[in-house]
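Chains, contacts and geometry: an overview
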Amino acid sequence: HARGGKKGLFIAGISFILPAMLIVLGFAIIYKNYGSVAYVSSIFDAIKPVILAIVLQALFRLTKTTLTTIEAFFIFGIVLALSILGVSEIPLLAIAAGLMFIYRKIKTFRQAKSLVVEPISLITLFLIFLKIGAVLYGSGYVLLAFLRTELVHNLGIITNAQLIDAVAVGQFTPGPVFTTATFIGYLVLDVPGAIIATIGIFLPSFLIIWLLHPLIDKMRGSKNVKHVLDGVNAAAIALMAGVTIELGIASLNSILYGFIFIISAFLLIKYKLNSTYLIVGGAMIGLLMFFIN
């Protein structure tokens with residue numbers, strides 16, 4: 001948008017998203033049609049711990065840069081607890097933003113004073129991903145929390161295992177991790193679903209950038225905006241942590257998968273190893289286990 005205006009915004013965005021969407025769609029077709037084949041299932045099962053380790057690495061990295069104050073840790077703890085108890089993500093983000101804003105304002109004032117069940121329609125699928133795209137904030141992995149709530153818990157149209165598989169494909173293919181929406185859309189409603197879900201999740205970003213671009217410089221310098229975003233950042237990390245815990249409990253159901261997770265997390269956090277290598281390694285282990293068994 002800064003270089004080419006509205007046309008530049010959409011041309012750049014589509015060029016960035018479309019190749020990744022098509023690649024993910026290809027994997028989704030293979031997964032949906034051949035995912036029940038034993039060796040394919042074994043490969044995805046072994047990749048799941050690696051994906052959880054990648055999310056853990058993202059959490060670790062974001063925690064060091066975001067949870068730098070006592071109030072941020074406090075909000076993180078509250079949101080994490082409420083998330084595990086099943087409170088929806090949107091209210092938690094709003095509460096976190098409000099708490100941080102109020103706390104910082106009070107603090108400033110004091111300092112100044114003292115110094116797959118039922119099939120759903122394409123429209124419903126579009127609206128689900130449109131809502132997620134409109135309210136999603138923070139790392140792309142926060143997407144996990146929103147998808148789990150909407151599609152696994154509320155609608156039951158995919159499973160936790162399918163959710164992690166979708167994120168796995170979104171992770172090891174080029175482009176943004178949001179192309180996870182393409183994969184899930186295909187699982188639910190085939191190619192039309194893939195297209196609609198992708199449009200739904202990315203459309204709000206285009207519109208927000210288009211509408212808010214003139215205000216970005218002013219927002220960057222606003223302390224009030226910073227207070228709100230600090231609260232939302234802490235909440236976003238807590239949501240990532242909550243969904244990682246739940247998915248970890250569901251996926252790390254054997255000693256082997258636990259071992260893969262620990263080794264992957266160690267290599268990612270300690271040595272910052274490229275996650276693609278670990279995903280490929282996990283796939284090879286899964287294939288090997290298929291032949292051994």
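Below or above, wherever it landed, is the structure these notes cover. Everything numeric in this text was worked out from a predicted model, so none of it was measured.

Reading the values: rules and limits
Residues numbered from 1 in each chain as written. Predicted model: local features only at pLDDT ≥ 70, side-chain atom pairs only at ≥ 80, totals over all residues. Heavy atoms only, no water. 1 Å grid on protein atoms, 1.4 Å probe; cavity = no way out; pocket = protein on both sides within 12 Å on 5 of 7 lines; lining within 4 Å. Points joined across faces, edges and corners; volume = space filled by probe spheres on them. Helix = DSSP H or I, 4+ residues; strand = E, 2+ residues; numbered from the N terminus. Nonpolar A, V, L, I, M, F, W, Y, C, P; charged D, E, K, R; others polar. Axes fitted to C-alpha atoms, helices over the stretch in contact; angles between N-to-C directions. Parallel < 35°, antiparallel > 145°, perpendicular 65-115°, else oblique. Left-handed = near helix turned anticlockwise from the far one by under 90°. Contact = heavy atoms within 4.5 Å. Core = buried A, V, L, I, M, F, W, Y, C linked by side-chain atoms within 4.5 Å. Buried < 20%, exposed > 50% of the residue type's maximum accessible area, 1.4 Å probe, protein only. Salt bridge = Lys/Arg side-chain N within 4 Å of Asp/Glu carboxyl O. Phe/Tyr/Trp six-rings, centres within 6.5 Å; stacked < 30°, edge-to-face > 60°. Lys NZ or Arg CZ within 6 Å of the ring centre and 35° of its normal. Expected span 1.5 Å × (residues − 1). Arc of directions from axis to C-beta.

A short note on the layout of surface pockets
Approximately 250 Å³ is the volume found for the second largest pocket. Secondary structure elements with two or more residues in the lining of the second largest pocket: α1 (5–34) and α8 (180–212). If you tally residues by element for the lining of the second largest pocket, the top one is α8, at 6 residues. Taken together, the residues of the lining of the second largest pocket sort by class into 10 nonpolar, 1 polar and no charged.

Remarks on the packing of helix α7 (residues 160–172) against α8
Packing of α7 against α8 leaves a shortest axis separation of 8 Å and a crossing angle of 135°. As far as their axial angle goes, α8 and α7 are oblique. Here α7 and α8 pass one another in a crossing that is right-handed. Side by side, α7 and α8 meet where Gln162, Leu163, Asp165, Ala166, Val167, Val169 and Gly170 of the first sit next to Thr180, Phe183, Ile184 and Leu187 of the second.

Digging into the nonpolar core
With 83 residues, the main nonpolar core has Phe129, Leu163 and Ile184 as its most contacted residues. Top contributing element to this core by residue count: helix α2 (residues 38–66), with 12 residues. When residues no more than four places from it in sequence are discounted, the contact partners of Leu163 are Leu144, Leu147, Arg148, Val152, Ile158, Ile184 and Leu247.

Topic: the pattern of salt bridges
On inspection of all chains with the given rule, the structure shows 6 salt bridges. With its nearest N and O atoms 3.0 Å apart, the salt bridge here joins Lys48 to Asp165. Taken as a pair, Lys48 and Asp165 share a single burial class, namely buried. In this structure, the salt-bridge partner of Glu89 is Arg148, at a minimum N-O distance of 3.8 Å. Linked by salt bridges that have partners in common, Asp45, Lys48 and Asp165 make up one network.

Some remarks on the packing of aromatic side chains
The tally for this structure, following the rule as stated, stands at 8 aromatic pairs. A centroid spacing of 5.2 Å and a plane angle of 10° characterise the contact between Phe10 and Phe206, whose relative ring orientation is stacked. Look at Phe10 and you get partly exposed, because its relative accessible area is 29%. Between Tyr31 and Phe44, the aromatic rings sit 4.9 Å apart at their centres with planes inclined by 80°, giving edge-to-face as the arrangement. With Tyr31 in helix α1 and Phe44 in helix α2, this pair connects stretches of sequence that are 13 residues apart. Note on accessibility: Tyr31 and Phe44 belong to one class, buried. Of the aromatic side chains, those joined through ring pairs into one cluster are Phe10, Phe206 and Trp210. When the ring centre of Tyr186 is taken as origin, the NZ or CZ atom of Lys32, which lies over that ring, is 5.4 Å away.

Section: helix α11 (residues 255–271)
Between its first and last C-alpha, α11 extends 23 Å over 17 residues, near the 24 Å set by a 1.5 Å rise per residue. Burial in α11 covers these residues: Tyr257, Gly258, Ile260, Phe261, Ser264, Ala265 and Leu268. Burial along α11 is one-sided: seen end-on, the buried residues are contained in an arc of 160°. Away from its buried face, by an angle of more than 90 degrees, α11 presents the exposed residues Ile255, Phe259, Ile262, Lys270 and Tyr271. The elements touched by buried residues of α11 are α2, α10 (223–251) and α12 (275–292). Trailing α11 by a residue or two, Lys272 shows a phi angle of about 55°, which is positive.

Examining unusual backbone geometry
Phi at Asp190 takes a positive value of approximately 55°, unusual for a residue other than glycine. Here Asp190 shows up in helix α8. We classify Asp190 as partly exposed; its relative accessible area is 36%. You will see that Lys272, though not glycine, has its phi angle at about 55°, which is positive. Structurally, Lys272 can be placed in the loop between α11 and α12.

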